Amino acid sequence: MSLNKFDLVKNHPNELPNNIEAEQSVIGSILVSNDIFDDVSPIINYTKFYDPIHQKIFLAVENLISKGMLANPITLKNYFENDKSLVELEGHEYLVKITKFSTSLRQAIEYAKIIYDMHVRRELIKISETTIDNASNKNIDLPGEKIIEDSEKLLFDLAEKGSFSKSFVKFDIALNQTIEMASRAFKSTEGIVGVPTGLTDLDDRLGGLHNQDLVIIGGRPSMGKTALATNIAFYAAKNIQNKGLKSSVAFFSLEMSSEQLSTRILSEQSRIKSNDIRRGKISEEQFDKFIETSKNISELPLYIDETPAISIAAISNRARRIKRLFGCELVVVDYIQLMRATNIRNEGRVQEISEITQGLKAIAKELNVPVLAVSQLSRAVEQRDDKKPQLSDLRESGSIEQDADVVMFVYREAYYLERKEPRPATVEHAEWQTKMNEISTLAEIMIGKQRHGPTGNVKVEFESMFTKFRDIQTN
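Predicted, not measured: the structure shown is a model, and the values here were computed from it.

## What to know about the overall build of the protein chain
Piece 1. Across its full length, the protein chain holds 20 helices and nine strands.
Piece 2. For the protein chain, buried positions account for 46% of its 475 residues.
Piece 3. Across the protein chain, contacts joining residues at least 24 apart in sequence account for 71% of those joining residues at least 6 apart.

## So, the pattern of salt bridges
Piece 1. Inspection of the entire model under this criterion finds 17 salt bridges.
Piece 2. One salt bridge connects Lys361 with Asp405, and the closest N-O pair in it is separated by 2.6 Å. You can see Lys361 sitting in helix α16 (residues 349–367) and its partner Asp405 sitting in the loop between α18 (399–403) and β6 (406–411), a full 44 residues away along the chain. Of the two residues, Lys361 and Asp405, neither departs from the other in class, the shared state being buried.
Piece 3. For Glu444, the salt bridge goes to Lys388, with nearest N and O atoms at 3.3 Å.

## Details of the packing of aromatic side chains
Piece 1. Summed over the entire model, instances satisfying the criterion amount to six aromatic pairs.
Piece 2. Aromatic pair Phe49 and Phe58: ring centres 4.9 Å apart, planes at 40°, arrangement tilted. The two residues Phe49 and Phe58 agree in class, both being buried.
Piece 3. Grouped by ring-pair contacts, the aromatic residues Phe37, Phe49 and Phe58 constitute a single cluster.

## What to know about the sheet that holds strand β8 (residues 456–463)
Piece 1. Within the open sheet, the nine strands sit side by side as β3-β2-β4-β5-β1-β6-β7-β8-β9. Their pairing is mixed. A strand with exactly one partner marks an edge of an open sheet, and here the two such strands are β3 (302–305) and β9 (468–470). The average angle at which neighbouring strand axes cross in this sheet is 25°, direction not considered.
Piece 2. Inspection of the sheet shows strand β1 (residues 214–219) paired to strand β5 (residues 371–376) by six bridges, in the parallel sense. Considered in β5, the bridge of Gly219 is made with Gln376.
Piece 3. This element, helix α11 (residues 225–243), spans β1, β2 (249–253), β3, β4 (330–334), β5, β6, β7 (442–450), β8 and β9 of the sheet and lies at about 160° to β2.
Piece 4. Lying over the sheet, helix α12 (residues 258–270) contacts β2, β3 and β9, oriented at roughly 145° with respect to β3.

## Notes on the layout of surface pockets
Piece 1. Taken as a whole, the second largest pocket holds about 470 Å³ of empty space.
Piece 2. In this structure, the second largest pocket is lined by 25 residues; those nearest its centre are Ser222, Met223, Gly224, Arg264 and Arg412.
Piece 3. Contributing elements (two or more residues each) for the lining of the second largest pocket: α11, β5 and α19 (413–418).

## Observations regarding unusual backbone geometry
Piece 1. Following Asp334, the chain continues into Tyr335 via a peptide bond in cis, with omega recorded as 5°.
Piece 2. Structurally, Tyr335 is set in the loop between β4 and α16.
Piece 3. Backbone geometry places Gln212, a non-glycine residue, at a positive phi of 75°.
Piece 4. If you trace the backbone, Gln212 turns up in the loop between α10 (200–206) and β1.
Piece 5. A relative accessible area of 31% places Gln212 in the partly exposed class.
Piece 6. Positive phi is not limited to glycine here, since Ala309 has a value of about 50°.
Piece 7. With respect to the helices and strands, the residue Ala309 is situated in the loop between β3 and α15 (312–326).

## Overview of the environment of Gly327
Piece 1. Considering the arrangement of structural elements, one finds Gly327 in the loop between α15 and β4.
Piece 2. Taking the C-alpha atoms as reference points, Gly327 and Val249, separated by 78 residues in sequence, lie 8.5 Å from one another.
Piece 3. If sequence neighbours within four positions are ignored, Gly327 has contacts with Lys246, Ser247, Ser248 and Ile322.

## What about the confidence of the model for the protein chain?
Piece 1. For the protein chain, mean pLDDT is 82; residues scoring 70 or higher make up 85% of the total.
Piece 2. Here residues 1–12 is modelled with pLDDT under 50, and outside its nearest four sequence neighbours on either side it reaches 21 contacts, counting other chains as well.

## As for a nonpolar patch on the surface
Piece 1. Together, Tyr303, Leu325 and Phe326 give the surface a local cluster of nonpolar side chains, amounting to about 250 Å² of exposed area.
Piece 2. Checked against the element boundaries, Phe326 lands in helix α15.

How each quantity is defined
- Residues numbered from 1 in each chain as written.
- Predicted model: local features only at pLDDT ≥ 70, side-chain atom pairs only at ≥ 80, totals over all residues.
- Heavy atoms only, no water.
- Helix = DSSP H or I, 4+ residues; strand = E, 2+ residues; numbered from the N terminus.
- Buried < 20%, exposed > 50% of the residue type's maximum accessible area, 1.4 Å probe, protein only.
- Contact = heavy atoms within 4.5 Å.
- Salt bridge = Lys/Arg side-chain N within 4 Å of Asp/Glu carboxyl O.
- Phe/Tyr/Trp six-rings, centres within 6.5 Å; stacked < 30°, edge-to-face > 60°.
- Pairing = 2+ DSSP bridges.
- Axes fitted to C-alpha atoms, helices over the stretch in contact; angles between N-to-C directions.
- 1 Å grid on protein atoms, 1.4 Å probe; cavity = no way out; pocket = protein on both sides within 12 Å on 5 of 7 lines; lining within 4 Å.
- Points joined across faces, edges and corners; volume = space filled by probe spheres on them.
- pLDDT = per-residue confidence, 0-100.
- Patch = residues over 30% accessible without salt bridge, like charges linked within 9 Å, V, L, I, M, F, W, Y side chains within 5 Å.
- Areas by Shrake-Rupley, 256 points an atom, 1.4 Å probe, with all protein chains shown as cover.

This is the structure:
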């Protein structure tokens, strides 16, 4: 029995990957039993078919079934009466003929997977051709790094989309995910399900850093924002290593170099002052300890990108690359105000920050990881008698507060009190010294917003010489 051009399929050298027989079988099976459509539609839609005729037929089938109507050669006949491409193929007759290719549900699902695989291969060829075209273009406005980023995004999007239509999640699936999350929290010895911060009271308050959340650490200069972000990144990476997980932490440091960050971490872990390390003012015993500590943490799954003024698009692409190659549990960005938007349109810094925070939230959702971003606060804090930060102090844009799931501030009273030192050898100085002794190592992490829980303050200790936050030690 002839099927016109469709039984003459040959894989010519220049022909894109396809499997016409699989396409015929899937459509034929659905025309015989419409119930099969529900099982193959999560895998493919009409755009995944190679032949334009099959695309039209599948779309028509989808339209009929979505309206609760029967889809078969008879009901589809009127659909194609005025379609020249199907009239030429004796459309109704062709629909009848491909029902001869119908098969079981299990085989139809397997054929749908073949159709999807052929679609992926065709898309890969298109991406390759686009990359070649762009790379061959000598336009200086399209630098090589941008071509790499664009190609990576296309590849990642193709890989992450997987089967068709994952936008909707049935409620029972969402419930199962919630029950699984609650079960992990119940069984966890730490009582948290998110990425741990290493600070007990903060983890109790937040439940760890949750996937898909944008978490902001805000503070004025010298409050310890970067120190807290670095502490959390290190602890998260150490936790991954201890559990033997195939994953990592991605740290985008726009202000400090990778050497400066590693010096901080080594200082914290070896308990040798970072300033002494930089100046070489350490004993031989301390140097040996320094080297030993470096060996112990050298395999830490922590990846640092020190690109200055990086764009949100570049961070997105590089975070995708990290996740694809090494897995990723946490993305850290230090800090927002040093980033730039992808498209500079002279719409003002407020609009640019909005694009950046929306992009960071998109990364969190797309990669299904928490994104921890550091933010500067406005100088308005310094003009108040009460120096404790507020949500309104977030610098340059209300979008930071709006897009964030958690906003927490670092506040150290000792920083401000230190600058009010009275004249020595006075009663006031003695009172000041007493107060300084009481609060010199104390800090507060103030949770100003938490979408999933309560706000409040967490008291911690801060060892400035080691740039380390830790739980308050009780005797």
